[in-house]
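Tertiary structure, described
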Amino acid sequence: MRVLATGGAGYIGSHVVAALLEAGHEATVVDNFSNSSPLAVASIAELCGHRPQCVELDLLDVDALEALLQGGDFDGVIHLAGLKAVGESVAQPLRYYEANLCGSLNLCRAMQRVGLRRLVFSSSATVYGEPQSVPVTEDAPTGATNPYGWSKYMVEQLLRDIATADAGWHTALLRYFNPVGAHPSGRLGEETRGEAANLMPRLAQVATGRLPNATIYGDDYPTPDGTGIRDYIHVWDLAIAHVRALEVLAGDTALSAGVHTWNLGTGRGYSVREVIAAFEQACSRSLPQQVLPRRPGDIAAIYADPSRAERDLGWRAKRDLVQMAQDHWRWQQGHPAGYEDG
Ligand SMILES: NC(=O)c1ccc[n+]([C@@H]2O[C@H](COP(=O)([O-])OP(=O)(O)OC[C@H]3O[C@@H](n4cnc5c(N)ncnc54)[C@H](O)[C@@H]3O)[C@@H](O)[C@H]2O)c1
């Protein structure tokens, strides 16, 4: 297939593009590089021995987007481009809704115009808000607790409505749990600009002395060790699931039509303390820790029921927490400040 990957130079997108090429598909990266580097595309080329086409473009530029799709003869789109920092979305809701909602609207409109209606969308477990029970299935109630989460929720709804109006759309909503790690080769990974927001990139910054200590927000949750539990998934496992989802949408089974929602997680939760221990093992040093009060809006535990993805996509996350930490650390050591520092 010829696949367009929006946000294909980003953390998850670069792995998805590499997984597409590895599976024998062709990929075109579209990115405005607001949170990534063109060097990620060069790194994909080195890794895969084949350079994906790369177009610098902002999804808010609807004319440029349409022109690209008109000339592209694509078989499908994987839509990863967007802004993703929850805290930032609370402070800058307009910017987040514009990037995530308007960008997605523009993409759908352009796709509709050129008759391209096969789409895989990067959604998030944030659409479950505070789950009533775990593991969370795709049928659990949805909602959100911040503008980022609402933007994902709204785009999901937009895509369902489009597919209801036009049965020609084939859509996958992939709800990621907590992607971490890096490509096992150490050539692709997350570029963290400034202070990292998420746990594992923060641990990497502690291990390299850029942050003084690992912060644990709350150790009084009703969990075995008192710290919050999340479902961490290796980014390479996640990337492979995108390829499978697109292939299933392009197949000729009942699953190729309509809108499908798939949880992408391991189905196993790890506590903050377990993640710290795994990272300490990976980097062979102990990390100073500091316990702070719970953050507002944080929940005690969430992890996926990934059985639908296993059944429909024939996919299952294979890599465990130790491998996630090892691969993250390998990337961090090779690229202390991102691609330009590799
Ligand atoms: N990383 C996570 O923890 C996580 C969890 C759940 C869902 N997601 C979603 O997965 C997707 C990818 O996340 P990521 O972690 O790779 O983030 P990322 O920031 O590394 O990648 C997003 C990419 O989109 C590009 N981009 C942003 N706005 C754009 C625009 N208007 N036009 C063109 N390109 C634009 C950025 O430059 C970047 O390369 C996002 O939609 C995110 O919301 C991420």
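What counts, and where the lines are drawn
Residues numbered from 1 in each chain as written. Predicted model: local features only at pLDDT ≥ 70, side-chain atom pairs only at ≥ 80, totals over all residues. Heavy atoms only, no water. Near = heavy atom within 4 Å. Polar contact = N/O pair within 3.5 Å; in protein donor to acceptor, adjacent residues only side chain to side chain. Areas by Shrake-Rupley, 256 points an atom, 1.4 Å probe, with all protein chains shown as cover. Helix = DSSP H or I, 4+ residues; strand = E, 2+ residues; numbered from the N terminus. Nonpolar A, V, L, I, M, F, W, Y, C, P; charged D, E, K, R; others polar. Contact = heavy atoms within 4.5 Å. 1 Å grid on protein atoms, 1.4 Å probe; cavity = no way out; pocket = protein on both sides within 12 Å on 5 of 7 lines; lining within 4 Å. Points joined across faces, edges and corners; volume = space filled by probe spheres on them. Axes fitted to C-alpha atoms, helices over the stretch in contact; angles between N-to-C directions. Left-handed = near helix turned anticlockwise from the far one by under 90°. Buried < 20%, exposed > 50% of the residue type's maximum accessible area, 1.4 Å probe, protein only.

Topic: the site of the ligand
- Around the ligand, 25 residues are found, and the nearest of them are Asp31, Asn35, Ser36, Lys84 and Tyr148.
- In this structure, serine 34 approaches the ligand through a main-chain N or O atom, which is 3.1 Å from an oxygen atom.
- At 3.0 Å, a side-chain N or O of aspartate 58 approaches a nitrogen atom of the ligand.
- Computed on the free molecule, the ligand has an accessible area of 810 Å², of which 95% lies beneath the protein chains in the complex.
- Mapped by element, the contributors of at least two residues to the shell around the ligand are helix 1 (11–22), strand 5 (118–124) and helix 6 (147–165).
- It is strand 5 that contributes the most residues to the shell around the ligand, three residues altogether.
- Partitioning the shell around the ligand into residue classes produces eleven nonpolar, ten polar and four charged.

Quick notes on the environment of valine 114
- Positionally, valine 114 belongs in helix 5 (residues 93–114).
- On a C-alpha basis, the gap between valine 114 and alanine 67 in space is 9.7 Å, while along the polypeptide they are 47 residues apart.
- Not counting residues within four places of it along the chain, the set of residues in contact with valine 114 comprises Leu69 and Gln70.

Side note on empty space enclosed by the protein
- Applying the stated criterion to the full structure yields two cavities of 30 Å³ or more.
- Computed from the structure, the largest cavity encloses a volume of approximately 60 Å³.
- Lining the largest cavity, in full, are Glu190, Glu191, Thr192, Arg210, His328, Trp331, Gln332, His335, Pro336, Ala337 and Gly338.
- In terms of residue class, the lining of the largest cavity is built from three nonpolar, five polar and three charged.
- Forming the boundary of the second largest cavity are His79, Leu80, Ala81, Asn100, Ser104, Phe121, Lys152 and Val155.
- Of the residues contributing to the lining of the second largest cavity, the split by class is four nonpolar, three polar and one charged.

Some points on the packing of helix 3 (residues 62–72) against helix 5
- Contact geometry for helix 3 and helix 5: axes closest at 9 Å, N-to-C directions at 35 degrees. Regarding helix 3 and helix 5, the two cross each other, and that crossing is right-handed. Residue-level contacts link Val62, Leu65, Glu66, Leu69 and Gln70 of helix 3 to Asn106, Leu107, Arg109, Ala110, Met111, Arg113 and Val114 of helix 5.
- The class makeup of the residues in the contact of helix 3 with helix 5 is seven nonpolar, two polar and three charged.

Some remarks on unusual backbone geometry
- In the segment running from valine 134 into proline 135, the intervening peptide bond is cis, with an omega of 0 degrees.
- Following the sequence through the fold, proline 135 ends up in the loop between strand 5 and helix 6.
- In the Ramachandran plot, aspartate 73 falls in the positive-phi region, its phi being about 55 degrees despite a non-glycine side chain.
- Assignment of secondary structure puts aspartate 73 in the loop between helix 3 and strand 4 (76–79).
- Unlike most non-glycine residues, serine 284 shows phi in positive territory, near 55 degrees.
- Examined against the element boundaries, serine 284 turns out to sit in the loop between helix 9 (272–283) and strand 13 (289–292).
- Among the residues examined, serine 284 registers a relative accessible area of 64% and is labelled exposed.

None of this, on its own, says anything about what the molecule does.
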